[in-house]
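Spelled out from the first residue to the last, the chains are:
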Amino acid sequence: MHLSRRLMFSLFCGVAAVSMAFAVFQVQAEMHVLRDEIQRQAIVLAESQQGATEQILATGSSRELQALVDQYRNRGHLAGMAVYDDGGNTLAITSGLASDLPAPPAAVSRAVQTGRGREDYFQSRGRRMHIFALPLSRDGRMMGAIAVFHDVAFIGAPVWRHALTGMVQTLLIVGVTLLIVHWSLGRPLRHMALWLRDLRTGAISGVSRPPKETIFRSLTSELTQLATSLHAARAAAEEEARLRDAGLSRWTAERLRIAVQGKLNGSRLFAVSNREPYEHVHRGNSIACSVPPSGLVTALEPVLRASDGTWVAQGTGDADRETADEFGRLRVPPEHPQYRLRRVWLSEEEEEGFYFGFANEGLWPLCHIAHTRPVFRTGDWEQYRSANRKFTAVLLDEMHGEKQPVVFAQDYHFALLPRMIKERRPDARIAIFWHIPWPNPEAFGICPWQRDLLDGMLGADLIGFHIQAHCNNFLETVDRALESRIDWEHFAVNRRDHLTTVRPFPISVAANGESRATPESSPEVRDLLHRELGGRPAFLGLGVDRVDYTKGIPERLRGIERLFELYPDYREKFTFIQIGAPSRTHIKRYQDLMAEVEQEVERINRKLRTGAWKPLVFVARHHSHAEVEAYYREADLCLVTSLHDGMNLVAKEYVAARHDERGMLILSRFTGASHELADALVVNPYDTDELAQTIHAALIMPAEEKRIRMQRMRAVVKEHNVYRWAGSLIGELAEIRLETGDLTQNGQRSREDAPVPAG
Ligand code: G6P
């Protein structure tokens with residue numbers, strides 16, 4: 001490392017100034033101490049001889065006096081002693097000293113005059129001397145003075161010597177500092193420079209990690225963020241350029257962000273869902289933050305980022321309260337905060353009635369028609385209403401002071417919320433997206449509170465479903481149950497002078513389109529296969545679901561059992577892995593289903609297994625998105641056999657994960673996804689034989705045909721990705737307002753501006 005001259009110069013000057021200041025201070029202090037010491041010695045000596053000298057002066061001879069002063073000849077720094085009479089004349093002086101002295105020294109005269117000890121410094125022949133004179137008296141009569149002389153030339157060495165010492169000290173300190181800097185900072189800085197270059201260029205020079213020294217920790221964490229954003233921006237720009245070049249207009253996270261920014265025109269977005277995007281949980285002594293595997297976070301984050309919006313959701317993690325402020329607010333994503341999460345706290349009783357009860361034992365089976373009977377309890381309905389009110393209150397609080405806010409409610413948990421918001425904030429533009437199917441009016445009509453639910457939803461300006469059939473079912477339900485006018489031409493409902501548009505927006509996955517080389521099979525998958533089967537079978541089938549009765553898991557297992565009956569040759573060659581994430585396990589129906597799946601797997605395996613091989617592997621735990629991807633890439637076919645599903649994102653995730661354009665998707669015709677993925681092998685999951693034959697057809701299908709089908713499905717998923725979903729929905733919501741012009745005084749759209757409903 002080359003330290004700059006400027007750094008060296010500053011270091012040198014700094015150290016020199018400090019060491020000089022120190023040297024001056026030290027010299028001053030030392031001189032002070034030495035002077036005190038000489039003074040003390042002189043006083044002690046003079047006082048010790050005072051009495052004897054007075055005696056000699058009174059009665060003794062001059063010889064005795066001379067002998068007394070000569071005792072102190074050449075004793076280190078003591079130069080000698082002298083005795084003076086009261087006129088200042090020298091009576092006796094240490095031999096050899098006389099020639100050096102002024103006669104009489106001023107201190108002697110002052111001591112005689114004042115009758116007290118006096119000291120002084122003077123120059124004698126170029127040497128600095130110290131004198132202490134003590135008066136001599138007898139019977140109150142002044143007789144003269146005794147003086148003690150010290151040579152004090154040694155006190156206060158020449159300045160140049162101090163400067164030299166300071167300079168040497170400075171050089172030593174600067175040298176040692178430079179060495180330390182070189183060793184402790186130079187190497188890590190060089191390391192960091194290489195690492196940064198790799199991050200910037202994407203090159204690999206073997207420096208894949210930042211320096212680990214703690215001093216750099218905050219710097220490396222910031223730089224990692226910066227590099228990640230840079231990469232993302234570069235990838236987005238490259239993707240845009242590639243798409244422009246190919247004449248395509250694909251939606252990306254960046255395009256969504258920019259589009260939404262334009263559409264919202266300064267309004268803030270408020271998303272509301274039951275599941276939160278970031279959940280904090282205690283893990284041992286620390287707190288971990290997890291993101292639910294739902295695609296909603298992928299879709300809504302760019303939108304919330306674009307408007308610095310707020311996501312309101314139920315706080316469900318056991319460390320959620322301590323990671324938010326007193327109002328349940330925190331900025332997310334945790335590593336790069338860009339929007340606000342506001343957590344809503346529900347009591348156990350509220351969650352029981354609202355979430356488990358009305359939403360999941362009532363509305364969920366009601367809308368799916370999967371032969372699980374909906375349960376409607378008045379208590380649950382009351383909790384559902386009160387939870388909707390609670391979320392509404394929180395939203396209103398968050399929206400306070402915001403002009404024309406945009407509210408985007410998610411799913412069947414919040415059917416009443418749009419009306420509740422609209423009544424208080426007529427200036428808010430509100431959309432609700434219903435992520436599950438909407439059944440026909442007869443089926444929906446069994447709900448005792450169907451009118452309240454429909455009226456609540458019709459508080460929104462826009463209602464989204466996955467497919468047109470669900471929109472039609474909804475409009476027919478409204479037509480039968482409520483007083484309103486349906487505009488079948490524009491798919492809109494006019495109720496109480498408020499217009500609600502109903503549109504299909506098929507949700508999707510990110511599918512950002514980059515083509516990664518298929519990696520080696522994942523260690524987790526390999527381990528599982530090795531542990532369970534002793535190795536990979538010739539054909540691998542896969543199912544990935546929440547363990548939910550709408551997913552048709554038992555039907556799927558029976559289809560596989562039938563495959564082995566019809567084609568026994570697949571024994572020891574084909575194995576099916578079912579990944580089942582336990583879900584809503586508080587509800588008995590879900591507990592029963594888990595037990596049923598486990599029993600079915602057990603029964604079929606017991607019947608068919610040979611040696612180390614078995615037909616079914618059931619992994620009942622939650623997997624992260626990355627873990628599931630590894631399974632997707634390994635599987636020769638993926639089975640989605642829902643009895644009814646709004647969309648089913650597993651189908652799209654599987655297709656998006658197959659960068660190698662291999663694998664085959666078998667897809668239930670009762671999923672929303674089957675409307676888009678025409679190249680999947682579409683099945684009726686209730687038809688066990690058809691299912692078995694379709695699996696067989698997929699296994700024997702020529703590789704080329706599979707490749708073409710997968711290519712076409714991938715094109716569909718890439719084009720209709722989740723960014724397009726969010727972009728179209730928010731765009732449509734913004735358009736509605738623009739088309740219909742100003743609001744009337746109570747905030748609702750004026751009748752003249754609203755499209756005229758047909759009929
Ligand atoms: C479906 C629903 C979502 C729900 C998800 C997971 O996709 O439409 O609203 O979040 O299932 O269910 P859970 O009850 O665990 O949130």
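Residues numbered from 1 in each chain as written. Predicted model: local features only at pLDDT ≥ 70, side-chain atom pairs only at ≥ 80, totals over all residues. Heavy atoms only, no water.

### Some remarks on the overall build of the protein chain
Move 1: Helix and strand counts for the protein chain stand at 21 helices and 23 strands.
Move 2: Its C-alpha atoms give the protein chain a radius of gyration of 47 Å, more than 25% over the compact-globule value 27 Å for 759 residues.
Move 3: Projecting the C-alpha coordinates of the protein chain onto the three principal axes gives extents of approximately 145 × 75 × 55 Å.
Move 4: For the protein chain, with 759 residues in total, the buried portion stands at 50%.
Move 5: Put simply, of all contacts in the protein chain between residues at least 6 apart along the chain, 71% involve residues at least 24 apart.
Move 6: Just so you have it, the protein chain exposes about 35800 Å², and 52% of that area is on carbon and sulfur atoms. (Helix = DSSP H or I, 4+ residues; strand = E, 2+ residues; numbered from the N terminus. Rg over C-alpha atoms; globule rule 2.2 N^0.38 Å. Buried < 20%, exposed > 50% of the residue type's maximum accessible area, 1.4 Å probe, protein only. Contact = heavy atoms within 4.5 Å. Areas by Shrake-Rupley, 256 points an atom, 1.4 Å probe, with all protein chains shown as cover.)

### Quick look at the sheet that holds strand E19 (residues 574-581)
Move 1: Read from one edge of the open sheet, six strands run E20-E19-E18-E21-E22-E23, paired in parallel fashion. A strand with exactly one partner marks an edge of an open sheet, and here the two such strands are strand E20 (616-619) and strand E23 (681-683). Between one strand axis and the next, the sheet turns through 20° on average, direction left out of account.
Move 2: Pairing geometry for strand E22 (residues 664-668) and E23, over three bridges, is parallel. Its bridge partner lying in E23, Ser668 is registered against Val683.
Move 3: Its contacts with the sheet place helix H14 (residues 523-533) against strand E18 (539-546), E19 and E20, and it is angled at close to 125° to E20. (Pairing = 2+ DSSP bridges. Axes fitted to C-alpha atoms, helices over the stretch in contact; angles between N-to-C directions.)

### Some words on the packing of aromatic side chains
Move 1: Considering all chains together, one arrives at 29 aromatic pairs under this definition.
Move 2: Plain terms: the ring middles of Trp488 and Phe491 are 6.3 Å apart, the flat faces sit at 80° to each other, and that makes the pair edge-to-face.
Move 3: Classification of Trp488 as partly exposed rests on a relative accessible area of 35%.
Move 4: When the centroid spacing of 6.0 Å and the interplanar angle of 80° are considered together, the rings of Phe539 and Tyr570 count as edge-to-face. Within this pair, whereas Phe539 is found in strand E18, its partner Tyr570 is found in the loop between helix H15 (553-566) and E19, the two being separated by 31 residues in sequence.
Move 5: Among the residues examined, Tyr570 registers a relative accessible area of 8% and is labelled buried.
Move 6: Members of the aromatic cluster, each reached through a chain of ring pairs, are Phe354, Phe358, Phe376, Trp381, Tyr384, Phe391, Phe414 and Trp449.
Move 7: For the cation-ring pair, Arg255 lies above Trp251, with the distance from its terminal atom to the ring centre recorded as 4.2 Å.
Move 8: Between Arg584 and the ring centre of Trp364, over which it is positioned, the NZ or CZ distance is 4.1 Å. (Phe/Tyr/Trp six-rings, centres within 6.5 Å; stacked < 30°, edge-to-face > 60°. Lys NZ or Arg CZ within 6 Å of the ring centre and 35° of its normal.)

### Topic: the confidence of the model for the protein chain
Move 1: Put simply, the protein chain has an average pLDDT of 89, and 92% of its residues get 70 or more.
Move 2: In this model, residues 738-759 is a region of pLDDT below 50 whose contacts with residues beyond four sequence positions or in other chains number 35 contacts. (pLDDT = per-residue confidence, 0-100.)

### Here we look at the pairing of strand E6 (residues 269-273)
Move 1: The element E6 is extensively covered by neighbouring structure, given that five of its five residues are classed as buried.
Move 2: Covered by surrounding structure in E6 are Leu269, Ala271 and Ser273 together with Phe270 and Val272, the residues of both alternating faces.
Move 3: Pairing of E6 with strand E12 (residues 406-410) involves four bridges; the strand directions are parallel. Counterpart to Phe270 in the pairing with E12 is Val407.

### Let's talk about the state of the cysteines
Move 1: Counted by the stated rule, this structure contains zero disulfides.
Move 2: Here Cys447 stays free of any disulfide, with the sulfur of Cys367 as its closest cysteine sulfur at 8.8 Å. (Disulfide = S-S within 2.5 Å.)

### Quick word on the packing of H15 against helix H19 (residues 688-700)
Move 1: At a closest axis distance of 8 Å, the pairing of H15 and H19 adopts a crossing angle of 65°. Accordingly, the angle class assigned to the pair H15 and H19 is roughly perpendicular. Taken as a pair, H15 and H19 cross one another with a handedness that is right-handed. In this structure, H15 contributes Glu555, Arg556, Arg558, Gly559, Ile560, Arg562, Leu563 and Leu566 to the contact, and H19 contributes Thr688, Asp689, Leu691, Ala692, Gln693, Ile695 and His696.
Move 2: When the residues that make up the contact of H15 with H19 are grouped by side-chain class, the tally is six nonpolar, four polar and five charged. (Parallel < 35°, antiparallel > 145°, perpendicular 65-115°, else oblique. Left-handed = near helix turned anticlockwise from the far one by under 90°. Nonpolar A, V, L, I, M, F, W, Y, C, P; charged D, E, K, R; others polar.)

### Comments concerning the sheet that holds strand E1 (residues 78-85)
Strand pairing in a sheet relies on backbone hydrogen bonds, with the paired strands running either antiparallel or parallel.
Move 1: An order of E2-E1-E5-E4-E3 is seen for the five strands of this open sheet, with the pairing classed as antiparallel. Each end of this open sheet is capped by a strand with a single partner; those strands are strand E2 (90-93) and strand E3 (118-124). Geometrically, the sheet is characterised by an average inter-axis angle of 25° between neighbouring strands, direction not taken into account.
Move 2: Two strands pair when backbone bridges link them, and strand E4 (residues 127-138) and strand E5 (residues 141-151) are joined in this way by 10 bridges, in the antiparallel orientation. When the sheet's bridge partners are listed, Ala133 is paired in E5 with Ala147.
Move 3: Packed on one face of the sheet, helix H1 (residues 5-59) meets E1, E2, E3, E4 and E5 and runs near 35° to E4.
Move 4: Against the sheet, helix H3 (residues 106-114) touches E1, E3, E4 and E5, its axis set at about 160° to E3.

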